[in-house]
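Examining the three-dimensional arrangement
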Amino acid sequence: MIRKFQQTDMDHILAIWLEASIQAHSFVAREFWESKIDDMREIYLPTSETYVYEDAGIIKGFIALYKNTIAALFVSPSHQSLGIGKQLIAKSKEIRSELTLTVYKANHNSTNFYKQRGFKIMHEQIDTHTDCPELFMIFP
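Below, the structure is looked at part by part. None of the values given here were measured: they were computed from a predicted structure.

1. Some details on the overall build of the protein chain
Within the protein chain one finds 5 helices and 7 strands. Reading the helices (α) and strands (β) of the protein chain from amino to carboxyl end gives β-α-α-α-β-β-β-α-β-α-β-β. In terms of overall size, the protein chain behaves like a compact globule, its C-alpha atoms giving a radius of gyration of 14 Å where 140 residues would be expected to give roughly 14 Å. For the C-alpha atoms alone, the extent of the protein chain along its principal axes is close to 40 × 35 × 30 Å. Expressed as a percentage of its 140 residues, the buried residues of the protein chain come to 44%. Across the protein chain, every contact between residues at least 6 apart in sequence was considered, and the portion connecting residues at least 24 apart equals 56%. On the protein chain, roughly 7700 Å² of surface is accessible, and the fraction owed to carbon and sulfur atoms is 51%. Of the side-chain charges in the protein chain, 15 are positive and 17 negative, and the distance between the mean point of each set is 9 Å.

Here it is, written out as structure tokens:
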């Protein structure tokens, strides 16, 4: 079930975010992600419209929207490839007619996932936090 984020979900989605970020972004130092936990907790998530995917009382993933931007989409590594990310994208398409996002160019799994969901690459840029190339994508 997809539902709106509640403050009591914070620790669960931060744990998912950290674990999935480290796993998906091996080209960025683990310490970078660890240093951003407080920013996620205090800045990014509170300013986003966030939805969680919960099954049998367990949060397995989440999506955070900031205006028309997918600011974060993460699924617990132990629950990936089960359609959770697809459902979270579908939810975001229900509530937004246009979506944008950035994804690290080296994150081929995520780049392909977004392409399969109808997102198009508009241009490449450099992430100012990591100096890694990223792709700016848009739907439709």
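2. Thoughts on the side chain of Thr-130
Here Thr-130 lies in the loop between strand 6 (120-126) and strand 7 (133-139). A residue is classified by how much of its surface remains accessible, and Thr-130, at 17% relative accessible area, is buried. Here the side chain of Thr-130 touches Asp-127 through a polar contact of 2.8 Å, side chain to side chain. Setting aside residues no more than four positions away along its own chain, Thr-130 makes contact with Val-28, Phe-32 and Tyr-104.

3. Some remarks on the layout of surface pockets
Counted as a void, the largest pocket has a volume near 1400 Å³. Looking at the lining of the largest pocket, the elements with two or more residues in it are helix 1 (10-24), helix 2 (30-35), helix 3 (37-44), strand 3 (58-66), strand 4 (69-75), helix 4 (84-95), strand 5 (99-104) and helix 5 (108-116). At 7 residues, strand 4 tops the list of elements feeding residues into the lining of the largest pocket. Of the residues that constitute the lining of the largest pocket, the class distribution is 23 nonpolar, 17 polar and 5 charged.

4. Regarding the environment of Ile-59
With respect to the element layout, Ile-59 can be found in strand 3. On the basis of relative accessibility, which here comes to 11%, the residue Ile-59 falls in the buried class. For the pair Ile-59 and Leu-135, spaced 76 residues apart in sequence, the C-alpha separation works out to 28 Å. Dropping the residues within four chain positions of it, Ile-59 is found in contact with Arg-3, Asp-9, His-12, Ile-13, Ile-16, Val-52, Tyr-53 and Glu-54.

5. What to know about helix 1
For helix 1, spanning 15 residues, the distance from its first C-alpha to its last is 21 Å, which sits close to the expected 21 Å at 1.5 Å a residue. Of all the residues in helix 1, the buried ones are Met-10, Ile-13, Leu-14, Ile-16, Trp-17, Leu-18, Ala-20 and Ser-21. On its buried face, helix 1 sits against helix 2, helix 3, strand 2 (49-55), strand 3 and strand 4.

6. Describing the packing of aromatic side chains
All chains considered together, the criterion is met by 8 aromatic pairs. When the centroid spacing of 5.4 Å and the interplanar angle of 75° are considered together, the rings of Phe-27 and Tyr-104 count as edge-to-face. Taken together, the positions of Phe-27 in the loop between helix 1 and helix 2 and Tyr-104 in strand 5 put the pair 77 residues apart, joining distant regions of the chain. Judged by relative accessible area, Phe-27 falls into the partly exposed class, the value being 31%.

Calculation notes
Residues numbered from 1 in each chain as written. Predicted model: local features only at pLDDT ≥ 70, side-chain atom pairs only at ≥ 80, totals over all residues. Heavy atoms only, no water. Helix = DSSP H or I, 4+ residues; strand = E, 2+ residues; numbered from the N terminus. Rg over C-alpha atoms; globule rule 2.2 N^0.38 Å. Buried < 20%, exposed > 50% of the residue type's maximum accessible area, 1.4 Å probe, protein only. Contact = heavy atoms within 4.5 Å. Areas by Shrake-Rupley, 256 points an atom, 1.4 Å probe, with all protein chains shown as cover. Lys, Arg positive; Asp, Glu negative; His and termini not counted. Charge placed at Lys NZ, Arg CZ, Asp CG, Glu CD. Polar contact = N/O pair within 3.5 Å; in protein donor to acceptor, adjacent residues only side chain to side chain. 1 Å grid on protein atoms, 1.4 Å probe; cavity = no way out; pocket = protein on both sides within 12 Å on 5 of 7 lines; lining within 4 Å. Points joined across faces, edges and corners; volume = space filled by probe spheres on them. Nonpolar A, V, L, I, M, F, W, Y, C, P; charged D, E, K, R; others polar. Expected span 1.5 Å × (residues − 1). Phe/Tyr/Trp six-rings, centres within 6.5 Å; stacked < 30°, edge-to-face > 60°.

Geometric descriptors of this kind do not, in isolation, establish any biological role.
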